[in-house]
Amino acid sequence: MAEEIKDLQKEQEINEVQKKINEVLNLGEIEDLIKSNEKIFEVNNITYRVRKPTFKQRQEAYKKRVEKFTELLQNDKYVLESDLKTSYLKRNIDIDAMTRSIQNKMNNRDSLMLKLGEMIKNKVAENELETVKNEVQALNEEIQRLSIQKTNLLEFCIENQVAIYTYSYLTFLLAEKKEGDNWVRVWNTWEEFENEKEGLINRFSYYVTMMSGWEEM
Amino acid sequence: MVVDTIKYIRQLAKDSKYQTLFSLGKDLHNINLFENNLDFTDIQLTFLRYLNFYSTIYLDIALGDIDEIVLKNDIYTDSYMMWKNKKDKLKQQQTEFKSPIDNVQRSQWIFKSPKK
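Residues numbered from 1 in each chain as written. Chains lettered and ligands numbered in written order. Predicted model: local features only at pLDDT ≥ 70, side-chain atom pairs only at ≥ 80, totals over all residues.

**Q** Whenever I open this one, the overall build of chain A confuses me. Can you help?
**A** Scanning chain A for helices and strands turns up eight helices and four strands. Taking 2.2 N^0.38 as the reference for a compact globule, 217 residues should give roughly 17 Å; the C-alpha atoms of chain A span a radius of gyration of 24 Å, well beyond that estimate. Counting only residues that meet the buried cut, chain A has 17% of its 217 residues in that class. Residue pairs in contact within chain A that sit at least 24 positions apart in sequence constitute 69% of those at least 6 positions apart. (Helix = DSSP H or I, 4+ residues; strand = E, 2+ residues; numbered from the N terminus. Rg over C-alpha atoms; globule rule 2.2 N^0.38 Å. Buried ≥ 20, exposed ≤ 12 C-beta atoms within 10 Å, placed from the backbone. Contact = placed C-beta atoms within 7 Å.)

**Q** Can you help me understand helix 1 (residues 2–34) of chain A in this one?
**A** Count 3.6 residues to each turn of an α-helix, and residues three or four apart come out pointing the same way. Here helix 1 of chain A is 33 residues long and its end C-alpha atoms lie 48 Å apart, about the 48 Å a rise of 1.5 Å per residue gives. Counting buried residues in helix 1 of chain A gives three out of 33 residues, a small share hidden from the surface. Those residues of helix 1 of chain A that sit buried are I30, L33 and I34 of chain A. Elements that come into contact with the buried residues of helix 1 of chain A comprise strand 1 (38–43) and helix 8 (198–212) of chain A together with helix 1 (5–14) and helix 3 (42–62) of chain B. (Expected span 1.5 Å × (residues − 1).)

**Q** Looking at this structure, how should I read the sheet that holds strand 4 (residues 182–185) of chain A?
**A** In a beta sheet, neighbouring strands are held together by backbone hydrogen bonds and run either parallel or antiparallel to one another. All names here are of chain A. The four strands lie next to each other as 1-2-3-4, forming an open sheet whose pairing is antiparallel. Taken across any chain shown, the strands that pair with only one partner, and hence form the sheet edges, are strand 1 and strand 4. Within the sheet, the average angular offset between the axes of one strand and its neighbour, ignoring direction, is 35°. Where strand 2 (residues 46–51) and strand 3 (residues 176–179) come together, two bridges link them in antiparallel fashion. Across the sheet, residue R49 finds its bridge partner in strand 3, namely E176. Those strands touched by helix 8 are strand 1 and strand 2, and its axis lies near 30° from that of strand 2. (Pairing = 2+ DSSP bridges. Axes fitted to C-alpha atoms, helices over the stretch in contact; angles between N-to-C directions.)

**Q** Before we go on, may I ask you to explain unusual backbone geometry in this structure?
**A** What you tend to see is this: most non-glycine residues have negative phi, and most peptide bonds are trans. Residues and elements named next belong to chain A. Residue N44 is not a glycine yet carries a positive backbone phi of 50°. For N44, the position within the fold is in the loop between strand 1 and strand 2. Using a count of 5 C-beta atoms within 10 Å as the deciding quantity, one classes N44 as exposed.

**Q** What exactly am I supposed to notice about the pairing of strand 2 of chain A here?
**A** Residue and element names in this part refer to chain A. Note: strand 1 against strand 2, six bridges, orientation antiparallel. Within strand 2, the residue paired with E38 across the bridge is R51. Linking strand 1 back to strand 2 in an antiparallel pair, the connection comprises two residues, with N44 at a positive phi of about 50°.

**Q** Quick question: what am I supposed to make of the environment of D32 of chain A here?
**A** Among the secondary structure elements, D32 of chain A is positioned in helix 1. C-alpha separation for the pair D32 of chain A and L200 of chain A, spaced 168 residues apart in sequence, amounts to 18 Å.

**Q** Where do I start with the nonpolar core in this structure?
**A** One recurring pattern in soluble globular proteins is that nonpolar side chains are buried together. V50, L116, I120 and V208 of chain A are the most contacted members of the largest nonpolar core, which totals 38 residues. Contributions of two or more residues to this core are made by helix 1, helix 4 (95–121), helix 5 (126–153), helix 6 (158–174) and helix 8 of chain A together with helix 1, helix 3 and helix 4 (74–97) of chain B. Each of domain 1 (36–79 + 158–217) and domain 2 (81–156) of chain A contributes no fewer than three residues to this core. With near-sequence residues (within four places) excluded, I120 of chain A lies in contact with L129 of chain A together with I66, V70, Y76, S79 and Y80 of chain B. (Core = buried A, V, L, I, M, F, W, Y, C linked by C-beta atoms within 7 Å. Domains from an automatic or database assignment.)

**Q** Would you mind showing me how to read the environment of Q103 of chain A here?
**A** With respect to the secondary-structure elements, Q103 of chain A resides in helix 4. Taking C-alpha positions, Q103 of chain A is 30 Å from L72 of chain A, a pair spaced 31 residues apart along the chain.

**Q** Hey, could you run me through the interface of chain A and chain B in this one?
**A** A common way to state how big an interface is: give the accessible area lost once the parts meet. Contact residues are listed per partner, giving 30 residues for chain A and 31 residues for chain B. For the side of chain A that touches chain B, the secondary-structure elements that each account for two or more residues are helix 1, helix 4, helix 5 and helix 8 of chain A.

**Q** Would you mind going over the packing of helix 1 of chain B against helix 3 of chain B with me for this structure?
**A** Pairs of packed helices are described in terms of their axes, by the angle between the two and the distance that separates them. Residues and elements named next belong to chain B. Across the interface, helix 1 lies against helix 3 with an axial gap of 9 Å and an inter-helix angle of 50°. Here helix 1 is positioned oblique relative to helix 3, judged by the angle of their axes. Note that helix 1 runs across helix 3; the crossing there is right-handed. Contacts from I9, R10, L12, A13 and K14 of helix 1 reach helix 3 at T46, F47, Y50, L51 and Y54. For the contact of helix 1 with helix 3, the per-class residue count stands at seven nonpolar, one polar and two charged. (Parallel < 35°, antiparallel > 145°, perpendicular 65-115°, else oblique. Left-handed = near helix turned anticlockwise from the far one by under 90°. Nonpolar A, V, L, I, M, F, W, Y, C, P; charged D, E, K, R; others polar.)

Read these as geometric descriptors, not functional statements.
Next up, the structure:
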């Protein structure tokens, strides 16, 4: 029994150290991303680069977005967000009610935060601050839970599929690799991109999202 | 891949090294925070917003307006800034309403001499 407790403690310590190492690595990764508007990294002795998209690249991705939206709209297998909401309603899942509930919780959270802000300004005792903070935290968790639930329910609508496609296309456009003294495109065709290993695409996609924004397009 | 990006951006923006660079960079133009001087990425702009955000907090602490407890967690920090911004907005609206220019214009209209 004592041996088991000892092992458990050791495992907890290892996890704690691992967590700290990850924190430092993550902080370093973000610091590296912040210092410049381009990111250079190496995988299997190949040097890759991703840069902030130019106006021309954004325009090209936007054109593809319009094309994809029109294409999916003409296909009966895909549904718009509004159609999906109607289908869910028939199964007693009310997405609009979910949105209203999120908004109400956000309004309540904001009122509590304003109250807490004033309490901090008035230098109120910490235990009182902590009570309001816990209420804010509980509301934040509920908002997050409902938002995830809503996002998951609407995952397969045309609008969402188009957004995923646009970011994938932007990743395809922005990824470069070094060949001698020159930077060249990693994938010459969309088919090449689609057949690439997921790990490399995910890494590029992450940098593209960090550089070009989450909701800009 | 880093999941909680904002958490790390805030951690860096709070750091004294970046706060010093941010503050010096306002006056001394040869001090740059980034390798690029323009065409900032989304993450760089978010970082700049947080640098400014924490700079305001540090100033308020230095002025004795608030205690350091405001930095204890993000909810305290965000709540204080939310309240401060709302208060400043209200103050600005009141000033605009009582603007001296506005008063002069009103007076001119009120005391306008009647047409002969």
